[in-house]
Amino acid sequence: MKKQLWKWMPVVVLAAAVALPAAAQRMGRGPGFGPGWAAGAQTPPAPTALKEFLGLTDQQVQQLTDLRKQVAEENRSIAEQIRAKRQEIADLMKSANPDPLKVGQLHVDIKKLNDQRLAKLEAMRTQALALLTAEQKQKLADLEKSMALAQAARQAVALGLIAPPQPPAGAGAGPGPRAPMRNARPGRAGGGWI
């Protein structure tokens, strides 16, 4: 059993390294490769860890990036429609007697638009998978399996059972193991330095 855990450890660490920056972006704490990067004119960060793990070619990375950008641009108009309908609901709810039929219809409209958005993302995923070789698809399946272990890995790091993944070279010095906890005084039991 112990040998099997060590077999999956590099995959778990890679999954955590991929998942944590994405989670940080969703929380507004850093750059990532999430759905919002294509909304601006910026170039997304290169998925170097994924490229190395799957053995992607530069051409495959470019094709995947272009596909992601295309779908993000297509979904931008849907997102704007959803935003407008949500604003309309908010405006209706401010009135003394909001029309329940109108509010209900707006919610139905939002659901339909969201289903369109999700269908485009699923179609993109199918196209993206078609760009991979059989060997790359197998490695991706292993990576997907490791995502189920990501929460357990984070908890093991939190309990000090395994070392956290180290940031890539040149990522900057950020808070290290001696960073003070917020609202904690050094030397006090239950708080202080971590």
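No experiment lies behind these values; they were computed from the predicted model shown.

**Details of the overall build of the chain**
Piece 1. Regarding its fold elements, the chain presents 6 helices and 0 strands.
Piece 2. Ordering the α and β elements of the chain from the N terminus gives α-α-α-α-α-α.
Piece 3. With 194 residues in all, the chain has 22% of them scored as buried.
Piece 4. Restricting to contacts in the chain with at least 6 residues of sequence separation, those with at least 24 account for 58%.
Piece 5. For the chain, the exposed area adds up to about 13900 Å²; of that, 60% sits on carbon and sulfur atoms.

**With respect to the nonpolar core**
Piece 1. Counting residues in each nonpolar core, the largest one holds 7 residues, listed as I78, I82, I89, V103, L106, I110 and L113.
Piece 2. Looking at this core, the elements that each hand over two or more residues are α3 (58–94) and α4 (100–130).
Piece 3. The biggest single contributor to this core is α4, with 4 residues.
Piece 4. With near-sequence residues (within four places) excluded, L106 lies in contact with K85, E88, I89 and L92.

**A look at the packing of α3 against α4**
Piece 1. In the contact formed by α3 and α4, the axes pass within 10 Å of each other and the chain directions differ by 170°. Classed by the angle they form, the pair α3 and α4 counts as roughly antiparallel.

**Quick look at α3**
Piece 1. The terminal C-alpha atoms of α3, which comprises 37 residues, lie 52 Å apart, in line with the 54 Å expected from a rise of 1.5 Å per residue.
Piece 2. By the largest-angle criterion, R76 marks the main kink of α3, which is about 30°.
Piece 3. When α3 is considered as a whole, its buried residues turn out to be Q60, V61, T65, L67, R68, V71, A72, N75, I78, I82 and I89.
Piece 4. Where α3 is buried, its residues touch α2 (48–54), α4 and α5 (134–147).

**Notes on the confidence of the model for the chain**
Piece 1. Overall, the prediction assigns the chain a mean pLDDT of 76, with 64% of residues at 70 or greater.
Piece 2. Across the chain, the secondary-structure element scoring lowest on mean pLDDT is helix α1 (residues 2–26), at 48, and the one scoring highest is α4, at 95.
Piece 3. Contacts from residues 11–15, a stretch scored under 50 in pLDDT, to residues over four places away or in other chains number 14 contacts.
Piece 4. pLDDT under 50 marks residues 187–194. Its contacts with residues more than four places away, or in other chains, come to 16 contacts.

**Overview of the side chain of Q136**
Piece 1. Residue placement: Q136 occurs in helix α5.
Piece 2. Setting aside chain neighbours within four positions, we find Q136 in contact with L54, G55, L56, Q60 and L131.

**Overview of the pattern of salt bridges**
Piece 1. The final tally for this structure, using the stated rule, is 8 salt bridges.
Piece 2. Between E122 and R125 there is a salt bridge, with its nearest N and O atoms 4.0 Å apart. Placement of the pair is E122 and R125 together in helix α4, with a separation of 3 residues, close to one helical turn.
Piece 3. Ionic pairing is found between E135 and K139, a salt bridge with its closest N-O pair at 3.7 Å. Within this pair, E135 and its partner K139 are both found in helix α5, separated by 4 residues, close to a single helical turn.

Each value, and the rule that gives it
- Residue indices begin from 1 for each chain and proceed along its sequence in written order.
- Residue-level local features of this predicted model are given only where pLDDT is at least 70; pairs of side-chain atoms are given and counted only at 80 or more, and the full residue set underlies all totals for whole chains, interfaces and linings.
- Side-chain measures here rest on the full set of heavy atoms in the structure, leaving out hydrogens and waters.
- Put simply, DSSP marks the helices as runs of H or I at least four residues long and the strands as runs of E at least two long, and each gets a number from the N terminus on.
- Exposed residues in this analysis have more than 50% of their type's maximum accessible area, buried residues have under 20%, and partly exposed residues fall in between, with area computed by a 1.4 Å probe over protein chains only.
- The criterion used for residue contact is that any of the two residues' heavy atoms lie within 4.5 Å.
- Accessible surface area values rest on a Shrake-Rupley calculation with a 1.4 Å probe, where residue burial reflects the displayed protein chains alone.
- Buried residues of nine kinds, namely Ala, Val, Leu, Ile, Met, Phe, Trp, Tyr and Cys, make up a nonpolar core once their side-chain atoms join them within 4.5 Å.
- Interaxial angle, 0 to 180 degrees, is taken between N-to-C directions of lines fitted to C-alpha atoms, where a helix line uses only the stretch in contact.
- Between 65 and 115 degrees an angle is taken as roughly perpendicular, under 35 as roughly parallel, over 145 as roughly antiparallel, and anywhere else as oblique.
- Expected helix span is computed as 1.5 Å times (number of residues minus one).
- Two axes are fitted around each residue, one to the seven residues ending there and one to the seven starting there, and the angle between them is reported as the bend at that residue.
- Every residue gets a pLDDT, meaning the predictor's confidence in that residue, from 0 to 100.
- Criterion for a salt bridge: a side-chain nitrogen of Lys or Arg within 4 Å of a carboxyl oxygen of Asp or Glu.

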